[in-house]
Amino acid sequence: MKSLQKVALVGLVAVLALVHNQCSRKEQRQSVQLQAPLPQDEFIQVYFNQNLSAEYTEPYREINRLGDDLEQLIVDSIDSAQVSVDVAVQEFRLPKIAQALVLQHQSGVKVRVILENSYNQSFNELTSGSDKRSQDRHEELRQLLDRNQDGLISAEEIAKNDAIVILRNAGISVIDDTADGSKGSGLMHHKFVIVDGREVVVTSANFTTSDVHGDFLNPNSRGNPNNLVKIQNRSVARLFQQEFDLMWGDGPGRKPDSLFGVKKPFRPKQWIQVGSSSVAVQFGGTSARVPYHQSVNGSIAKMLSKAQTSVDLALFVFSEQYISDALYERAKVGVKVQALIERSFAYRYYSEGLDMMGVQLPNQNCKYDEGNQLWSPGLAQVGVPNLPKGDRLHHKFALIDNRLVITGSHNWSAAANSQNDETLLVINSSIVAAHFARQVQQLSDNASFGLTDSLNKNITKHRKRCK
């Protein structure tokens, strides 16, 4: 009897949460004026799951919300395939994408998938872990699978909704970054799809509810702010195909000839003309044998050092001193700089956001991050977006002079530069840049800038602790 009461209670909670979600979304939709959509480039289309000029019905919680449906955009690209679909993504949990891949596989299209080894696990293989983040991730997947919200996960629900199981049951070839015989690279952190060697989808989002649609655990969550770029160009696709093939090697269960992380050969950033725009691609990580200025972080710093009027940043993490120093030099000569950084990383002792504001925090051992160069005067336009509970700024982009866009999977950190499998995508286009400028404005309109009271209190506390 108690177990039945428990199931009934779980079901009631789920229904109440769904009603709350729907009401919250309706109120949100009524309070925000839908903006007119911006023109798209013929060969380079840009989308944001936090986009005030689009709306869709999120498929899992069935709520109407503002933004582009990134999952459906990926499905649409997969559905267009005639010959092949190659996917490289750190984490893959969205069942609609898995189901689209299965349909193409069954129709004779060649489908291959590369994952990060930490996420190449079905729900039944996962453990909730001891830290809150892994526990929340486990619970998020559990709720995604529990489609009837009865608190129980049936074998049928797993077969229909566990993306890893869906791929395995269909016989789709999957490898991860242990295929080279190692325990894995830093992170197989890519998030791209190649279709028929003619189209590439590059996104900052993992294929998860949290990164795309929003958390089941937080009713007001709208998904971590992310971008997605579709490029129709065979030369660009060829570069991504080369990256994929290096990692793939001869596929699953064969020789350990896959190349991940710094084992891959170094390839410098390459520019390609795409219609009236130009696109550059570079892949990480970069071996220490390669001069730093040729690395991905070195390339980012070089592009920023050429800014003439403005630089706008929207970053998950910013901890690379060399890039901060390059920005500082531009700020000194009057280039307008604004930085939005994810709240959970913006005020850590290693954050370059602190350098930019002209302050610093020590670590637990009262040591300051090596090489800190505090901006003077401190920059007031460093901020954290105020997002719904559960959502985190997940972009990795810079907008330079309202013309040049730097995006991709690459976080601005040492680990991304020297360990991970990463994508740096650069787009020189005023049409594309306008989309990112609107995203910057949208996030800035609801952000906290400068030295907040809580940050000042934290600085004072640590000064007393470490004096």
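Residues numbered from 1 in each chain as written. Predicted model: local features only at pLDDT ≥ 70, side-chain atom pairs only at ≥ 80, totals over all residues. Heavy atoms only, no water.

**Some remarks on the nonpolar core**
Selection criterion: The criterion is simple. A nonpolar core is a set of buried Ala, Val, Leu, Ile, Met, Phe, Trp, Tyr and Cys residues joined through side-chain atoms within 4.5 Å. Throughout, exposure labels follow a simple rule: accessible area from a 1.4 Å probe, protein chains only, divided by the maximum for the residue type, with under 20% read as buried, over 50% as exposed, and the rest as partly exposed.
Core analysis: the largest hydrophobic core is formed by 42 residues, its most contacted members being Phe92, Ile97, Leu101, Val113 and Phe207. Of all hydrophobic cores here, the second largest spans 39 residues; its members include Val296, Ile300, Val337 and Leu404.

**Digging into the pattern of salt bridges**
Convention followed: Criterion for a salt bridge: a side-chain nitrogen of Lys or Arg within 4 Å of a carboxyl oxygen of Asp or Glu. Helix and strand assignments follow DSSP, with helices taken as H or I runs no shorter than four residues and strands as E runs no shorter than two, numbered in order from the N terminus.
Per the counting criterion, the structure on display carries 15 salt bridges. As a salt-bridge pair, arginine 168 and glutamate 125 come within 3.0 Å of each other at their nearest N and O atoms. On the criterion of sequence distance, the pair formed by arginine 168 in helix α6 (residues 163-169) and glutamate 125 in the loop between β5 (110-115) and α4 (132-145) is long-range, its members being 43 residues apart. The partner of aspartate 421 in a salt bridge is lysine 264, and the shortest N-O contact between them spans 2.8 Å. Taken together, the residues aspartate 421 in the loop between α13 (414-418) and β17 (422-428) and lysine 264 in the loop between α8 (234-248) and β10 (270-274) connect sequence positions 157 residues apart.

**Some details on the sheet that holds strand β18 (residues 447-449)**
Adjacent strands of a sheet form backbone hydrogen bonds with each other and so pair up, either parallel or antiparallel. What counts is decided by this rule: Strand pairing is assigned whenever DSSP identifies at least 2 bridges connecting the two strands. To get an axis, fit a line to the C-alpha atoms, keeping to the stretch in contact for a helix; angles then go from 0 to 180 degrees between the N-to-C directions. Contact definition: two residues touch when any of their heavy atoms are within 4.5 Å.
Reading across from one edge, β10-β11-β17-β16-β15-β12-β13-β14-β18 is the order of the nine strands in this open sheet, with mixed pairing throughout. The outermost strands of the open sheet, each flanked by one partner alone, are β10 and β18. In this sheet, adjacent strand axes meet at a mean angle of 20° when their direction is disregarded. Where strand β11 (residues 277-284) lies against β17, seven bridges are found, and the strand directions are antiparallel. Within the sheet, the bridge partner assigned to alanine 280 lies in β17 and is valine 426. Contacting β11, β12 (310-315), β15 (396-400), β16 (404-408) and β17, helix α9 (residues 296-304) crosses the sheet at an angle of about 20° to β17.

**Focus: the packing of aromatic side chains**
Rules: Two rings belonging to Phe, Tyr or Trp (six-membered ring only in the last case) form a pair when the distance between their centres is within 6.5 Å. Interplanar angles under 30 degrees mark stacking, angles over 60 mark edge-to-face geometry, and anything in between is tilted.
Tallying each qualifying case throughout the model produces 11 aromatic pairs. Their ring planes at 15° and their centres at 5.0 Å tell us that tyrosine 328 and tryptophan 375 sit as a pair that is stacked. Taken together, the residues tyrosine 328 in helix α10 (residues 321-332) and tryptophan 375 in the loop between α12 (352-357) and β14 (382-385) connect sequence positions 47 residues apart. Judged by its relative accessible area of 9%, tyrosine 328 is buried. Seen in terms of ring centroids, tyrosine 349 and tyrosine 350 are 5.3 Å apart; in terms of plane orientation they differ by 75°. Their pairing is edge-to-face. Judged by its relative accessible area of 33%, tyrosine 349 is partly exposed. Its relative accessible area of 21% is what places tyrosine 350 among the partly exposed residues. Members of the aromatic cluster, each reached through a chain of ring pairs, are Phe48, Phe397 and Phe436.

**Things to note about the layout of surface pockets**
Quick reminder of the rule: As defined here, a cavity is a set of points on a 1 Å grid over the protein atoms alone where a 1.4 Å probe fits but cannot get out. A pocket is an open set with protein on both sides within 12 Å along at least five of seven lines, and residues line them when an atom is within 4 Å of a point. Grid points are joined across faces, edges and corners, and a volume is the space filled by probe spheres set on the points. Throughout this entry, Asp, Glu, Lys and Arg are counted as charged residues, while Ala, Val, Leu, Ile, Met, Phe, Trp, Tyr, Cys and Pro are counted as nonpolar. The remaining residues, Gly among them, count as polar.
Counted as a void, the largest pocket has a volume near 1200 Å³. Contributing elements (two or more residues each) for the lining of the largest pocket: α4, α7 (209-212) and α13. For the lining of the largest pocket, the element with the highest residue contribution is α4, accounting for nine residues. Of the residues belonging to the lining of the largest pocket, the class tally is 11 nonpolar, 18 polar and 15 charged.

**Points about helix α15 (residues 453-466)**
The cut-off we apply is this: For a helix, the expected span equals 1.5 Å multiplied by the residue count minus one. Throughout, the arc means the angular range of directions from the helix axis out to the C-beta atoms.
When the terminal C-alpha atoms of α15 are compared, their 20 Å separation across 14 residues agrees well with the 20 Å that a helix rising 1.5 Å per residue should span. Taken as a whole, α15 has its buried residues at Leu455, Ile459 and His462. Each buried residue of α15 lies within a common arc of 70° when the element is viewed along its axis, so the set occupies one face. Turned more than 90 degrees away from the buried face of α15, the exposed residues are Asp453, Ser454, Lys457, Lys461 and Lys464.

**Description of the state of the cysteines**
This is how the line gets drawn: The disulfide definition used here is simple: a pair of cysteine sulfur atoms within 2.5 Å.
One pass over the full model with this rule turns up one disulfide. Covalent S-S linkage joins cysteine 366 and cysteine 466, the inter-sulfur distance amounting to 2.1 Å. Taking the sign of the S-S torsion, about -80° here, the bridge from cysteine 366 to cysteine 466 comes out left-handed. Here the residue cysteine 366 occupies a position in the loop between α12 and β14, and cysteine 466 occupies one in helix α15, the gap between them amounting to 100 residues. Its relative accessible area of 28% is what places cysteine 366 among the partly exposed residues.

**Concerning the environment of glycine 253**
Here glycine 253 lies in the loop between α8 and β10. For glycine 253, a relative accessible area of 86% puts it in the exposed group. A C-alpha to C-alpha distance of 10.0 Å links glycine 253 and serine 173, two positions 80 residues apart in sequence.

**Points about the sheet that holds β5**
Strands sit in the order β1-β9-β8-β7-β4-β5-β6 across an open sheet of seven strands; the sheet is mixed. Each edge of the sheet is formed by a strand with only one pairing partner; in this case those strands are β1 (44-48) and β6 (173-176). Within this sheet the neighbouring strands show an average axis-to-axis angle of 10°, counted without direction. Inspection of the sheet shows β5 paired to β6 by four bridges, in the parallel sense.

**A look at α9**
Stated precisely, the cut-off is as follows: For the purposes of these results, a polar contact is taken to be a pair of N or O atoms within 3.5 Å, where, inside protein, one atom must be able to donate a hydrogen and its partner to accept one; residues adjacent in sequence count only when each atom of the pair is a side-chain atom.
Taken across its nine residues, α9 has eight buried, putting it largely inside the fold. Buried within α9 we find Val296, Asn297, Gly298, Ser299, Ile300, Ala301, Met303 and Leu304. Its side-chain oxygen 3.1 Å from the backbone nitrogen of glycine 298, serine 295 forms the N-cap of α9.

**Points about the packing of α9 against α10**
Here is the rule: Orientation categories follow fixed angle ranges, with anything under 35 degrees roughly parallel, anything over 145 roughly antiparallel, 65 to 115 roughly perpendicular, and all other angles oblique.
Relative orientation of the contacting elements α9 and α10 amounts to 5°, with a least axis distance of 9 Å. As judged from the angle between their axes, α9 and α10 are roughly parallel. Across from Asn297, Gly298, Ile300, Ala301 and Leu304 in α9, the residues of α10 making contact are Tyr322, Ile323, Ala326, Leu327 and Arg330. Looking at side-chain class alone, the contact of α9 with α10 contains seven nonpolar, two polar and one charged residues.

**Observations regarding the packing of helix α2 (residues 70-79) against helix α3 (residues 95-106)**
Contact geometry for α2 and α3: axes closest at 9 Å, N-to-C directions at 5°. If you check the angle between α2 and α3, you find them roughly parallel. Contacts from Glu71, Gln72, Ile74, Val75, Ile78 and Asp79 in α2 reach Pro95, Lys96, Ile97, Ala100, Leu101 and Gln104 in α3. Here the contact of α2 with α3 is built from residues that sort into seven nonpolar, two polar and three charged.

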